[in-house]
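Reading the structure
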Amino acid sequence: PGDTSVLAGLYGPAEAKVSKELPDRAALEVLLRPKVGLPGVLERSREQLLRQTCEAVVLGVLHPRTAISLVLQVLSDAGSLLSCCLNAACMALLDAGLPLAALFCGVTCALQPDGTILLDPTARQEQEARAILTFAIASSERKVLMATTKGSCSMEEMQQCLAAAQRAADTIFQFYRDSVRRRYSK
Amino acid sequence: RTVEPLEYYRRFLKENCRPDGRELGEFRTTTVNIGKCLCSITTADGSALVKLGNTTVICGVKAELAAPAADSANKGYIVPNVELPSLCAERFRSGPPGEEAQAASQFIADVIENSQMIVKEDLCIANGKLAWVLYCDIICLDYDGNLLDASVFALLAALKNVQLPSVTINEETGLSEVNLKQKNPLVIRKHPVATSFAVFDDTLLIVDPTAEEEDLATGTVTIVTDEEGRLCSVHKPGGSPLTGAKLQDCITRAITRHKEVKKLIDKVIKSITPK
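Okay, so let's go over this structure. (Residues numbered from 1 in each chain as written. Chains lettered and ligands numbered in written order. Predicted model: local features only at pLDDT ≥ 70, side-chain atom pairs only at ≥ 80, totals over all residues. Heavy atoms only, no water.)

**A closer look at the overall build of chain B**
When helices and strands are tallied, chain B shows 6 helices and 12 strands. Per-residue burial for chain B yields a buried fraction of 51% across its 275 residues. Partitioning the contacts of chain B with sequence separation of at least 6, the portion at a separation of at least 24 is 67%. Carbon together with sulfur atoms contributes 52% to the accessible area of chain B, which is approximately 12700 Å² in total. (Helix = DSSP H or I, 4+ residues; strand = E, 2+ residues; numbered from the N terminus. Buried < 20%, exposed > 50% of the residue type's maximum accessible area, 1.4 Å probe, protein only. Contact = heavy atoms within 4.5 Å. Areas by Shrake-Rupley, 256 points an atom, 1.4 Å probe, with all protein chains shown as cover.)

Here it is in structure tokens:
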């Protein structure tokens, strides 16, 4: 959303290397490449978040002993990068036609110093914010699939952000439906 | 237990308890050793050894001098590094740090940053010229689940133990003089404590998972709280979806845990400061 763009490429289910294959489910691998520089510790932790989020929705048991690789390339970063990656990942999974238990979308909330909640912050707003919360919301019953926070906030503030994120998730899911419809109606 | 671990666990969970006899909301016995006398690292400026059940984590903090970065002239550095050597569990191979170690390192760095445990400005000695760099090495000696909780605890304990020698800059020569005789403890503003939960089958939440439980769990949640009940970090890397109410339960439990841990740390520190 906005100026942040992430390109996602999904490969799979494909043959997995013997060292990596799991006997009962598909092995999911996520690679996040930053715009400049080599992937570092920050990318690794983001990859882990994305991987475990995807593992929860992808029905891996249908494709045992295969590997699914998701490669994300950051094209530009103007704030809300993690939720952009989440959305890109989900759309890639949809586009590839992999069996999913639910859809998910990423929403970032910034808590400003005066207490107002801002959805989908730009890089400037992120820096000024007191705390940034990123949630991955699942389409089934709007449950929380993934949550990370940067900066401290109180319990009530977190609940408020969560509620706001869940409302925003509806808009994003509508966007997914429209895009898929557009793609397949041609 | 080896053939059908999940079924074995489910039977216990139905009775609301776990194979090692704990309740669902009970933590393993936590022991902490701080300082040069009790702890192994004599060369470090601060060290702590934490045992959470069988999970053993040791943290050593070394302070060194460096020039601060150009854009933040009055800030020092804290560099956490989590290592999971292959001796701690059979699933970790030797070689470059794996994904879990790197993710843990990033998590610890985020906790330090978010909770404002150590404010970087405190580490500065002379604006633009000299600042402290704290290298925190967290090494897991025995991995039995719940690495993040133990690491955060070890880091906190080690940092409380750190004594920084006072440094003055000699006006004439421009060099720094380190006075090892005069030591000041580090200023720690907040005391974050992490609480980890494992999620089973989208419904059950258990606290302080062992390695076996972590493997069987469908998801994990880690919540870091500080003494004011504020959330420093909520870390839920994927796994089964949770409702907001469940998350709320976790947070309340985390706040209770914080009080227990704080009492423990204070007790230990009081027992090792004879001066």
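**Quick notes on the interface of chain A and chain B**
Opposite the 29 residues of chain A that make contact, chain B presents 27 residues. Regarding the contact of chain A and chain B, the summed buried area is about 2600 Å², with carbon and sulfur atoms giving 55% of it. Between chain A and chain B we count 0 salt bridges in total. One can count 1 residue pair in polar contact (both at pLDDT 80 or more) joining chain A with chain B. (Buried area = accessible area lost by both parts, 1.4 Å probe. Salt bridge = Lys/Arg side-chain N within 4 Å of Asp/Glu carboxyl O. Polar contact = N/O pair within 3.5 Å; in protein donor to acceptor, adjacent residues only side chain to side chain.)

**Some remarks on the packing of helix H3 (residues 99–115) of chain B against helix H4 (residues 147–161) of chain B**
All names here are of chain B. Their axes nearest at 11 Å, the elements H3 and H4 cross at an angle of 50 degrees. Overall, the two elements H3 and H4 adopt an arrangement that is oblique. Considering the relative orientation of H3 and H4, their crossing is right-handed. Contact residues: Ala 104, Phe 107, Ile 108 and Ile 112 in H3; Leu 147, Leu 148, Ser 151, Val 152 and Leu 155 in H4. (Axes fitted to C-alpha atoms, helices over the stretch in contact; angles between N-to-C directions. Parallel < 35°, antiparallel > 145°, perpendicular 65-115°, else oblique. Left-handed = near helix turned anticlockwise from the far one by under 90°.)

**Digging into the nonpolar core**
Membership of the largest hydrophobic core comes to 68 residues, with the highest contact counts inside it found for Leu 70, Leu 72, Phe 104, Cys 105, Phe 135 and Met 158 of chain A together with Ile 223 of chain B. Discounting chain neighbours no more than four positions away, the residues touching Met 158 of chain A are Leu 133, Phe 135 and Cys 153 of chain A together with Leu 231, Val 234, Leu 247 and Ile 251 of chain B. Counting residues in each nonpolar core, the second largest holds 55 residues, with Leu 147, Leu 156, Leu 159 and Val 261 of chain B among its members. (Core = buried A, V, L, I, M, F, W, Y, C linked by side-chain atoms within 4.5 Å.)

**Topic: the pairing of strand E6 (residues 130–142) of chain B**
All names here are of chain B. With 11 bridges connecting them, strand E3 (residues 55–66) and E6 associate as antiparallel partners. If you follow Val 57 over to E6, its bridge partner there is Cys 140. Two strands pair when backbone bridges link them, and strand E4 (residues 77–83) and E6 are joined in this way by 7 bridges, in the parallel orientation. Within E6, the position partnered with Tyr 77 by the bridge is Val 133. (Pairing = 2+ DSSP bridges.)

**Here's the deal with the pattern of salt bridges**
Residues and elements named next belong to chain A. The tally for this structure, following the rule as stated, stands at 3 salt bridges over all chains. In this structure, the salt-bridge partner of Arg 44 is Glu 47, at a minimum N-O distance of 3.1 Å. Here Glu 47 and Arg 44 lie together in helix H1 (residues 41–57), a separation of 3 residues that amounts to about one turn. Using a relative accessible area of 30% as the deciding quantity, one classes Arg 44 as partly exposed. Using a relative accessible area of 3% as the deciding quantity, one classes Glu 47 as buried. A salt bridge links Arg 130 to Glu 157; the shortest N-O distance between them is 3.3 Å. Of the two residues, Arg 130 sits in the loop between helix H3 (123–128) and strand E6 (131–138) while Glu 157 sits in helix H4 (residues 155–185), which places them 27 residues apart along the sequence.

**Concerning the packing of H1 of chain A against helix H2 (residues 81–96) of chain A**
Residue and element names in this part refer to chain A. Remark: H1 packs on H2, axes separated minimally by 11 Å, with the N-to-C direction vectors making an angle of 40 degrees. Judged by the inter-axis angle, H1 sits oblique to H2. Here H1 and H2 pass one another in a crossing that is right-handed. Facing H1, whose interface residues are Arg 46, Leu 49, Leu 50, Thr 53 and Cys 54, H2 presents Leu 81, Leu 82, Cys 85, Leu 86, Ala 89 and Leu 93. Of the residues assigned to the contact of H1 with H2, the class counts are 9 nonpolar, 1 polar and 1 charged. (Nonpolar A, V, L, I, M, F, W, Y, C, P; charged D, E, K, R; others polar.)

**Observations concerning the pairing of E3 of chain B**
Residues and elements named next belong to chain B. For strand E2 (residues 46–52) and E3, the ladder comprises 7 bridges, and the chain directions are antiparallel. Opposite Val 50, over in E3, you have Val 57 as the bridge partner. With antiparallel pairing between neighbouring strands as the criterion, E2 and E3 make up a hairpin whose turn holds 2 residues, including Gly 53 at a positive phi of roughly 70 degrees.

**Quick word on the sheet that holds strand E2 (residues 27–33) of chain A**
Residues and elements named next belong to chain A. One open sheet holds the 3 strands; their spatial order is E1-E3-E2, and the pairing between them is mixed. In the strand order of this sheet, the two ends are held by strand E1 (5–15) and E2, each with one partner. Taken pair by pair, the neighbouring strands of this sheet meet at an average axis angle of 15 degrees, ignoring direction. Sheet topology places E2 next to strand E3 (residues 66–76); 7 bridges connect them, and they run parallel. Among the inter-strand pairings, Leu 32 is bridged to a residue of E3, identified as Leu 72. Against the sheet, H2 makes contact with E1, E2 and E3, and its axis sits at roughly 40 degrees relative to E1, the strand it touches most.

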